[in-house]
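# Observations on the three-dimensional arrangement
Now for the letters of each chain:
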Amino acid sequence: MTDVRVKSKEGFVSHFGCEPEFLSYAPGRVNLIGEHTDYNDGFVLPCAIKFGTAMTAKVNGTNKMRLFALDIDGGDTDEFECSATFDAGSKTWANYLRAMVALIMQKGHKVEGLDIAITGDIPLGAGLSSSASLEVTFGNLVSQVFGLNIPLQEIALIGQACEALNGCKCGIMDQTISACGKANCALLIDCRSLKLEQVKVPSDLDILIVNSNCKHELVGGEYNERREQCENAAKILGVKALRDATMEMLDAKKGEMDDVTYRRARHVITEDDRVLEAVKAFEQGNLDKLATLMYASHCSMRDDFEITIPEIDGLVEIIRKAIGENAAVRMTGGGFGGSVVAVVEPSKVEQVKQAIDAEYEKISGKKATIIETHAFDGAAFTKL
Ligand code: GLA
């Protein structure tokens, strides 16, 4: 497959009829553990993957962003005035860029027109953060081209605000890892202090992402509803966020909340602990311990947080059957479809692939897509 950076440059030349001046790139992510903990001020452990979004660009001397998206409907365009007011247009993909410009300008920065060619290879709806990668690629492009010096973590925060303007009250994980990922490392993010710690992924382990090809869709009720349930639980517990609660505190108040609220909170409280334990497992190179934690995370998402679907649960069990009980596997991302992540010894990859090929279609009527990756660097910008 052609590298998206090359593809973007070729698309720029063919659409705008001249050479681009700048190249910006940011990857998608896979979350190894720590799901729905970010907006509860908790901990997450994602890494950046080999797929991402690339933009090539040139200053166009106007006040307008002129956009060419290579991948949408065989090539789609949009343009908008740079303004601190967010005006949604009719094109969903472009609304992320419209919102980013408005948010950057609201911070007092001056932004002018760019011609931009956009392309990416993150499978859409796979729960691998294509929208965060779009936001970070674009935010960093604008920051670098106009000398705004916006730190990458602040670009991530602007990306998060951009999601809210587009209907998803997400946490800070996806944009932060896309911006700040490091090759061969997972990133421990403390989503309250925004402190980052790079955690080495042992080089003798592969990361497998299995896309169920059941599209996940976060701009919708379920995600925001989970967030409200968590906030409600925190309120009942009298804490700022579920990050501050323990299982003892939750059990003491069990009688004051309904069963759903209790289980949502139990997921988040136990998941935060699992993330910190998983960091130790990586440091110790202890794959068995990681496996126990990842599967416990999966069960908690399935039973307490109720964000898995039968196809995803089926995939997890197929992989467990192929590798054995100590498979490090779980659903990854926001849920309701998307992908499963497994951390495996390279010698086991083939048997996992064969098992998925043989079993998944029987339970889902679909083929799964298997992506082999390791941890990659985050956002990068180049003057061409
Ligand atoms: C989505 C959101 C993230 C995070 C995950 C669940 O990817 O964008 O902020 O909440 O879901 O862990």
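Quantities reported herein were computed from a predicted structural model and do not represent experimental measurements. Throughout this document, residue positions are counted from 1 along each chain, in the order its sequence is written. For this predicted model, a pLDDT threshold of at least 70 governs which residues receive local features, and a threshold of 80 or more governs which side-chain atom pairs are given and counted, while totals over whole chains, interfaces and linings are taken from all residues. Think of the side-chain values as coming from all heavy atoms in the structure, minus any hydrogens and water.

### A few points about the environment of glutamate 35
A run of H or I in DSSP counts as a helix once it spans at least four residues, and a run of E counts as a strand once it spans at least two, with each numbered from the N terminus. Assignment of secondary structure puts glutamate 35 in the loop between strand S1 (22–33) and strand S2 (43–59). Here's how the labels work: a residue is buried when its accessible area is under 20% of the maximum for its type, exposed when over 50%, partly exposed in between, all with a 1.4 Å probe on protein chains only. Accessibility expressed as a relative area gives 1% for glutamate 35, which makes it buried. Sequence spacing of glutamate 35 and aspartate 272 is 237 residues, and the spatial spacing of their C-alpha atoms is 8.7 Å. Ignoring any residue separated from it by four or fewer positions in sequence, one finds glutamate 35 in contact with Met173, His267, Glu271, Met301, Arg330, Met331, Thr332 and Gly333. For this analysis, a polar contact is any N or O atom pair within 3.5 Å, provided that within protein one partner can donate a hydrogen and the other can accept it, and provided that sequence-adjacent residues contribute only side-chain to side-chain pairs. Of the polar contacts made by the side chain of glutamate 35, one reaches the side chain of arginine 330; its length is 2.6 Å. At 2.9 Å, the side chain of glutamate 35 forms a polar contact with the backbone nitrogen of glycine 333. Here, two residues are considered to be in contact whenever any of their heavy atoms come within 4.5 Å of each other.

### Thoughts on the pairing of strand S5 (residues 114–120)
Each regular strand displays side chains that alternate between the two surfaces of the sheet. Counted residue by residue, S5 has six buried out of seven residues, so it is predominantly covered. Two strands pair when backbone bridges link them, and strand S3 (residues 64–69) and S5 are joined in this way by four bridges, in the parallel orientation. Its bridge partner being in S5, leucine 67 is matched across the sheet by isoleucine 116. Note: two strands are recorded as paired if DSSP finds a minimum of 2 bridges between them.

### So, the pairing of strand S9 (residues 328–332)
Among the five residues in S9, five count as buried, and that is most of the element. Across five bridges, the pairing between S9 and strand S10 (residues 339–344) is antiparallel. The residue of S10 that forms the bridge with methionine 331 is valine 340. Count of turn residues in the S9/S10 antiparallel hairpin: six residues, of which glycine 333 carries a positive phi of about 95°.

### Concerning the packing of aromatic side chains
Between the rings of Phe, Tyr and Trp (Trp by its six-membered ring), a pair exists once the centres lie within 6.5 Å; its type follows the angle of the planes, with under 30 degrees stacked, over 60 edge-to-face, and the other angles tilted. What the rule picks out here adds up to three aromatic pairs. Taken together, a centroid distance of 4.7 Å and an interplanar angle of 40° make the contact between phenylalanine 12 and phenylalanine 16 tilted. With phenylalanine 12 and phenylalanine 16 both in helix H1 (residues 4–16) and four residues apart, this pair spans about one turn of that helix. On the basis of relative accessibility, which here comes to 0%, the residue phenylalanine 12 falls in the buried class. Note on phenylalanine 22 and phenylalanine 381: the rings are 5.8 Å apart at their centroids and 25° apart in plane angle, and the pair reads as stacked. Of this pair, phenylalanine 22 sits in strand S1 while phenylalanine 381 is found in strand S12 (residues 380–383), placing the two residues 359 residues apart along the sequence. The exposure class of phenylalanine 22 is buried, given its relative accessible area of 9%. Here phenylalanine 381 falls in the partly exposed class, since its relative accessible area comes to 24%. Note that arginine 5 overlies the ring of tyrosine 25, its terminal NZ or CZ placed 3.8 Å from the centroid. Two conditions define a charge located above a ring, namely a distance within 6 Å from the ring centre to NZ of Lys or CZ of Arg, and an angle within 35 degrees of the ring normal.

### Remarks on the domain arrangement of the protein chain
Domain ranges listed in this record stem from an automatic or a database domain assignment. Under the domain assignment, the protein chain is made up of domain 1 (3–200 + 376–383) and domain 2 (206–373). Computed from C-alpha atoms alone, the centre-to-centre distance between domain 1 and domain 2 is 26 Å. Across the boundary between the two partners, domain 1 contributes 41 residues, which contact 47 residues of domain 2. In terms of surface lost to domain 2, no three residues of domain 1 exceed Ile33, Glu35 and His36, which account for 18% of the buried area on that side. What counts as a salt bridge is simple: a side-chain nitrogen of Lys or Arg found within 4 Å of a carboxyl oxygen of Asp or Glu. Linking domain 1 to domain 2 there are four salt bridges. Salt-bridge contacts for arginine 330 lead to glutamate 35; the nearest nitrogen and oxygen are separated by 2.6 Å. Applying the counting rule to domain 1 against domain 2 returns 22 residue pairs in polar contact (both at pLDDT 80 or more). Listing elements by their share of the side of domain 1 that touches domain 2, those giving two or more residues are S1, S2, strand S6 (185–190) and strand S7 (196–200). Two parts placed together each lose some accessible area; with a 1.4 Å probe, that loss summed over both constitutes the buried area.

### Some remarks on the nonpolar core
Taken as a class, soluble globular proteins show a tendency for nonpolar side chains to be buried jointly. We define the nonpolar core as a collection of buried residues of types Ala, Val, Leu, Ile, Met, Phe, Trp, Tyr and Cys that are connected through side-chain atoms lying within 4.5 Å of one another. Leu242, Ile319, Val340 and Ile356 are the most contacted members of the largest nonpolar core, which has 45 residues in total. At the level of secondary structure, the elements contributing two or more residues to this core comprise strand S8 (206–211), helix H6 (221–237), helix H8 (259–284), helix H9 (287–303), helix H10 (310–323), S9, S10 and helix H11 (349–364). The element contributing the most residues to this core is H10, with six residues. When residues are assigned to domains, this core turns out to be shared by domain 1 (3–200 + 376–383) and domain 2 (206–373), each giving three or more. Sequence-distant contacts of isoleucine 319, that is, excluding residues within four places in its chain, are made with Val210, Gly324, Ala327, Val329, Val340, Val352 and Ile356.

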